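Descriptive analysis of the structure
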Amino acid sequence: MDVQQTSRFTVTRSNKAVSADQRAVLLVDPGFGKLFTDHMVTIRYTEGQGWHSHAIGPREPFQLDPACAVLHYAQEIFEGMKAYRLEDGSIAMFRPEENARRFAESAERMAMPVLPEDLFLEAVEELVKIDADWIPSGEGSLYLRPFMFASETFLGVRPANEYIFCVIASPAGAYFKGGKKAVTLWVSEHFTRAARGGTGAAKCGGNYAASLVAQKEAIQHGCDQVVFLDAAENKWVEELGGMNVFFVMDDGSIVTPPLSGTILPGITRNSILSLARARGHDVREELYSFAQWRADAASGKLREAFACGTAAVVTAIGTVKSVDGDFTIGNGDGGIVTEALRAELTGIQRGTVADPANWVRKL
């Protein structure tokens, strides 16, 4: 193996890297989350020593003790972000500083050590550079998954004293099969995602684990995603299993549920708020009930609805199903506001649309 030093990282290149010809075949249709690059980043944390052993090496399994803390007490957080190949051949990332900031906030909520934001960014960028050949062409991207977990071997309910930070990368195509088509949602009546004082605003694995039974229920009803209502009154729309949600009214105004500690503060969500306001939309972060959603769709007051997140970017919502019946939003196939916001956001990400806020970070 070729070992070298770059910045703070010791780099060990894989001697089992996929060949260029084989990689080209794999990238024709990478799907989402099933194909991975040749390398990964690891940094270790030990109480009293801090962050150490910064390394980039071959992607390989972890060797964990059966008493590894994360397996018992679920101290784990992660992020999702993308790297893009621009038209001039350069590589860029979209607002990675926000991912670094949110990762730190998630760590604090889960009683984990905070990884310095500059080290987070350096780790992600170094992995992108070494595995740059895995970035798909066209509309594809390289999906990056930074994560951290408690690695100490012990049984006892307390924050761990040892952690591993890791970054892996996965070439990605469309998140939903069929690309930009409008998705169908199932409204969960029996399960909630988060409650006040809980971990809803942290990007931790436990939140997603708790949502899976509801997502399974959604699939059983022929839906793509589940949408959760609030835990206190089971009345107010909060978010989907993995995305934030927006509503577009007949007067051009846009409504999205407010951040109250139970909703993940999405980076795509924040970007949409800025873009929509710059386009002249009256954008309100306010409570919106499921009953009002149904009534507004029936009256025509609600013209469009869409979900947004790093993986799916912006996806129109066409039909909503629940135990009380189904309803369709607009023509059931999205709308001009949804498509305009999607086009502007993806254009900024890929360098084909002006970036006045300097959201794109070139490597």
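In case you missed it, the structure is sitting above this.
So, a few notes on the structure that sits alongside this text.

Let's shift gears to the pairing of strand β11 (residues 225–229). Taking burial as the measure, the five residues of β11 include five buried ones, the bulk of the element. Of the two faces of β11, the one holding Q225, V227 and L229 and the one holding V226 and F228 are both buried throughout. As judged from the three bridges shared by strand β10 (residues 183–187) and β11, these two strands associate in the parallel manner. When the sheet's bridge partners are listed, W186 is paired in β11 with V226. The sheet contact formed by β11 and strand β12 (residues 237–240) spans three bridges and is antiparallel. Bridging from a neighbouring strand, F228 pairs with E239 of β12.

It is worth spelling out the nonpolar core at this point. For soluble globular proteins, the rule of thumb is that nonpolar side chains tend to be buried together. By size, the foremost hydrophobic cluster in this structure holds 44 residues, and its most contacted members are F120, L144, M148 and F165. Looking at this core element by element, the count peaks at eight residues for helix α4 (residues 117–130).

Per the stated rule, a full pass over the model turns up 17 aromatic pairs. Measuring from ring centre to ring centre gives 5.3 Å for F62 and F149, while their planes differ by 75°; the resulting arrangement is edge-to-face. Here the residue F62 occupies a position in the loop between β4 (50–58) and α2 (69–73), and F149 occupies one in strand β8 (residues 141–150), the gap between them amounting to 87 residues. Note on F62: relative accessible area 29%, which makes it partly exposed. The interplanar angle of 15° and the centroid separation of 6.3 Å between the aromatic rings of F147 and F149 together place this pair among those described as stacked. Judged by relative accessible area, F147 falls into the buried class, the value being 15%. Ring pairing ties together the aromatic residues F247, Y288, F290, W293 and F327, which thus form one cluster. Here the guanidinium or amino end of R59 rests over the ring plane of F36, the centre of that ring lying 4.3 Å away.

Per the stated rule, a full pass over the model turns up one cavity of 30 Å³ or more. The space that makes up the largest cavity amounts to roughly 110 Å³. Taken together, G80, M81, K82, Y84, F94, N99, I267, T268, G309, T310, V313 and Q349 make up the full set of residues lining the largest cavity. When residues of the lining of the largest cavity are traced back to their parent elements, those giving at least two are β6 (81–85) and α6 (267–278). If you tally residues by element for the lining of the largest cavity, the top one is β6, at three residues. When the residues that make up the lining of the largest cavity are grouped by side-chain class, the tally is five nonpolar, six polar and one charged.

Conventions adopted
Residues numbered from 1 in each chain as written. Predicted model: local features only at pLDDT ≥ 70, side-chain atom pairs only at ≥ 80, totals over all residues. Heavy atoms only, no water. Buried < 20%, exposed > 50% of the residue type's maximum accessible area, 1.4 Å probe, protein only. Helix = DSSP H or I, 4+ residues; strand = E, 2+ residues; numbered from the N terminus. Pairing = 2+ DSSP bridges. Core = buried A, V, L, I, M, F, W, Y, C linked by side-chain atoms within 4.5 Å. Phe/Tyr/Trp six-rings, centres within 6.5 Å; stacked < 30°, edge-to-face > 60°. Lys NZ or Arg CZ within 6 Å of the ring centre and 35° of its normal. 1 Å grid on protein atoms, 1.4 Å probe; cavity = no way out; pocket = protein on both sides within 12 Å on 5 of 7 lines; lining within 4 Å. Points joined across faces, edges and corners; volume = space filled by probe spheres on them. Nonpolar A, V, L, I, M, F, W, Y, C, P; charged D, E, K, R; others polar.

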